[in-house]
Amino acid sequence: MRLTVLQTLPALEVGGVERGTLEIARGLVERGHRSIVISAGGRLRQRLCDEGSEHYNWPIGRKSLATLALVIRLAHFVRENGIDVLHSRSRLPAWISWLALKKLKVATAPAFITTVHGVYSVNRYSQIMTAGDKVIAISNYIRDYIAQNYKHTDMGKVRLIHRGVDRAAYPFGYQPESGWLTNWRQAYPHLQDKQLITLPGRITRRKGHEDFIGIIGRLVEQGRPVHGLIAGGAHPKKRPFMRALQDAVQQRGLQRHISFIGHRDDMREVMAVSDIVLSLARTPEAFGRTSLEALSLGVPVIAYDHGGAAEVLSALQPAGLVPAHDAGGAAQAIVAFLRRPPAIRPEHVFTLENMVGQTIAAYEQLHGTRRPARP
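Residues numbered from 1 in each chain as written. Predicted model: local features only at pLDDT ≥ 70, side-chain atom pairs only at ≥ 80, totals over all residues. Heavy atoms only, no water.

J.: Could you clarify how one ought to interpret the pattern of salt bridges in this entry?
T.: Pairing between side chains of opposite charge can happen when their charged atoms approach one another. Under the defined criterion, the tally for this structure stands at 13 salt bridges. Measuring nitrogen to oxygen at the nearest pair gives 3.3 Å for the salt bridge that ties Glu51 to Arg26. Of the two residues, Glu51 is situated in the loop between helix H2 (45-50) and strand E3 (54-57) and Arg26 in helix H1 (residues 16-30); the sequence distance between them amounts to 25 residues. Judged by its relative accessible area of 25%, Glu51 falls in the partly exposed class. A relative accessible area of 18% means that Arg26 is categorised as buried. Close ionic contact of Glu51 with Arg47 constitutes a salt bridge, the shortest N to O distance being 3.4 Å. In this structure Arg47 comes out as partly exposed when scored by relative accessible area, which is 41%. What emerges from the salt-bridge pattern is a single network uniting Arg26, Arg47 and Glu51. (Salt bridge = Lys/Arg side-chain N within 4 Å of Asp/Glu carboxyl O. Helix = DSSP H or I, 4+ residues; strand = E, 2+ residues; numbered from the N terminus. Buried < 20%, exposed > 50% of the residue type's maximum accessible area, 1.4 Å probe, protein only.)

J.: What am I meant to see in the nonpolar core here?
T.: Considering soluble globular proteins, one finds that nonpolar side chains tend to be buried as a cluster. Leu6, Leu74, Phe77, Val116, Ile146 and Trp184 are the most contacted members of the largest nonpolar core, which totals 68 residues. Ranked by residues supplied to this core, first place goes to helix H4 (residues 91-102) with seven residues. Non-local contacts of Trp184, meaning those with residues more than four positions away in its chain, are made with Leu191, Leu196, Leu229, Ile261, Arg264, Val270 and Val273. If you look at the next biggest cluster of nonpolar residues, it comprises 29 residues, including Val226, Ile276, Val322 and Phe337. (Core = buried A, V, L, I, M, F, W, Y, C linked by side-chain atoms within 4.5 Å. Contact = heavy atoms within 4.5 Å.)

J.: I tried to follow the packing of helix H8 (residues 209-221) against helix H13 (residues 327-339) on my own but got confused; where do I start?
T.: Packing of H8 against H13 leaves a shortest axis separation of 9 Å and a crossing angle of 50°. Classed by the angle they form, the pair H8 and H13 counts as oblique. Relative to H13, H8 is oriented so that their crossing is right-handed. Across the interface between the two elements, Ile215, Arg218 and Leu219 of H8 pack against Ala327, Gly328, Ala330, Ala331, Ile334 and Val335 of H13. The residue makeup of the contact of H8 with H13, split by class, is seven nonpolar, one polar and one charged. (Axes fitted to C-alpha atoms, helices over the stretch in contact; angles between N-to-C directions. Parallel < 35°, antiparallel > 145°, perpendicular 65-115°, else oblique. Left-handed = near helix turned anticlockwise from the far one by under 90°. Nonpolar A, V, L, I, M, F, W, Y, C, P; charged D, E, K, R; others polar.)

J.: I would appreciate a short explanation of the environment of Ile161 in the present structure.
T.: Mapped onto the elements, Ile161 comes out in the loop between strand E7 (158-160) and helix H7 (178-187). Given a relative accessible area of 0%, Ile161 falls into the buried group. Sequence spacing of Ile161 and Leu12 is 149 residues, and the spatial spacing of their C-alpha atoms is 21 Å. When sequence neighbours within four positions are dropped, the list of residues in contact with Ile161 reads Ile136, Ala137, Ile138, Met355, Gln358 and Thr359.

J.: Could you clarify how one ought to interpret the packing of aromatic side chains in this entry?
T.: Within a pair of aromatic rings, the relevant descriptors are the distance that separates the centres and the angle that separates the planes. Under the criterion given, the structure shown has seven aromatic pairs. Pairing Tyr145 with Tyr150 gives two aromatic rings, centres 5.9 Å apart and planes at 75°, and the pair type is edge-to-face. Tyr145 gets classed as buried once you look at its relative accessible area, which sits at 6%. With 5.1 Å between their ring centres and 15° between their planes, Trp180 and Trp184 make a pair best called stacked. With a gap of four residues between them, Trp180 and Trp184 both fall in helix H7, about one helical turn apart. The buried category is assigned to Trp184, whose relative accessible area is 6%. Pairwise contacts between aromatic rings join Tyr56, Trp58 and Phe77 into one cluster. Across from the ring centre of Trp58, 4.0 Å away, lies the NZ or CZ of Arg73, which sits over that ring. (Phe/Tyr/Trp six-rings, centres within 6.5 Å; stacked < 30°, edge-to-face > 60°. Lys NZ or Arg CZ within 6 Å of the ring centre and 35° of its normal.)

J.: I keep staring at helix H9 (residues 239-251) and nothing clicks. Help me out?
T.: In an α-helix, one turn spans 3.6 residues, which is why side chains three or four residues apart end up on the same side. Between its first and last C-alpha atoms H9 spans 18 Å; for 13 residues at 1.5 Å apiece the expected length is 18 Å, and the two agree. Within H9, the full set of buried residues consists of Phe241, Leu245 and Val249. On an axial view of H9, the arc spanned by its buried residues comes to 90°, and they lie on one face. Phi for Gly253, located one or two positions after H9, is positive at around 70°. (Expected span 1.5 Å × (residues − 1). Arc of directions from axis to C-beta.)

Nothing here speaks to function; it is geometry throughout.
Here you go:
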């Protein structure tokens, strides 16, 4: 049975939603299905197409009344392309998709799936993410969020499918190639003989960069030979915050102890040469993919004990959990881990193979249902 699956999301830039879209698209193609994505494009568009999917450049995530004009267009697109499953991963694309399905006859409408990728503000607008024939929750934390805040939802249609890591891409004990190491040492000679503490993630207030600066400051004051790496870029709207972080580093005299290394396409290698990776989200994150990737490599992780990151660490390396917002506790845990690295379980269920297989199984199960959901 060959399916035609359409995924809708705002854009194909960097992020967990975008990466999940590409992973499912690649899995569909590998299994002989037709994979289509509608978004406003972005840096991951070419990779998506190179891996065998089709992409249509629509401003389906643009917050404008003009976006409603896409409803009729999408209804025609779904009918003309024989879409079997329509999978929406964000609120505005989900509304456009749901409204488009209402324009179709019940007998010809595709199955509708939504994935709740994060904790949205609780209102009518966000409620659309629970309107799928099947609703995918990416963690127990997200499943609980749905149950607690959208009590109308039939929890029987909510399916827990954890995000997953490609174990072939993130093998336990991985070491970067010699050429990469040579380039790294040339680019950052001041990191030699330092214990590297890395905070991955885009620069936003919710990622805990201010706590990170404080933690590195504590360790430097104790005379620890550590160096902090802030690995992530800043959206143009977040550049004032990044400058504020850089000013804070200067004011604390930590410019020789903290480096901003920007957006990286080699985060696997950066994490592999790190002694410890941190997850310091100010608010609970939906899953905690970066923590999973680091642990998959065998790199210790210290994370605030909330959200999806807590689920990952509880399963793979529980010793790394510290109370949320306890920067002092995180600093103490770093010292303990540098003295004696914790045990990390190399085998786990958070694999890309499981995620893709379970998602496509949900597609196949719903194929033929063709009942537009009602929010």
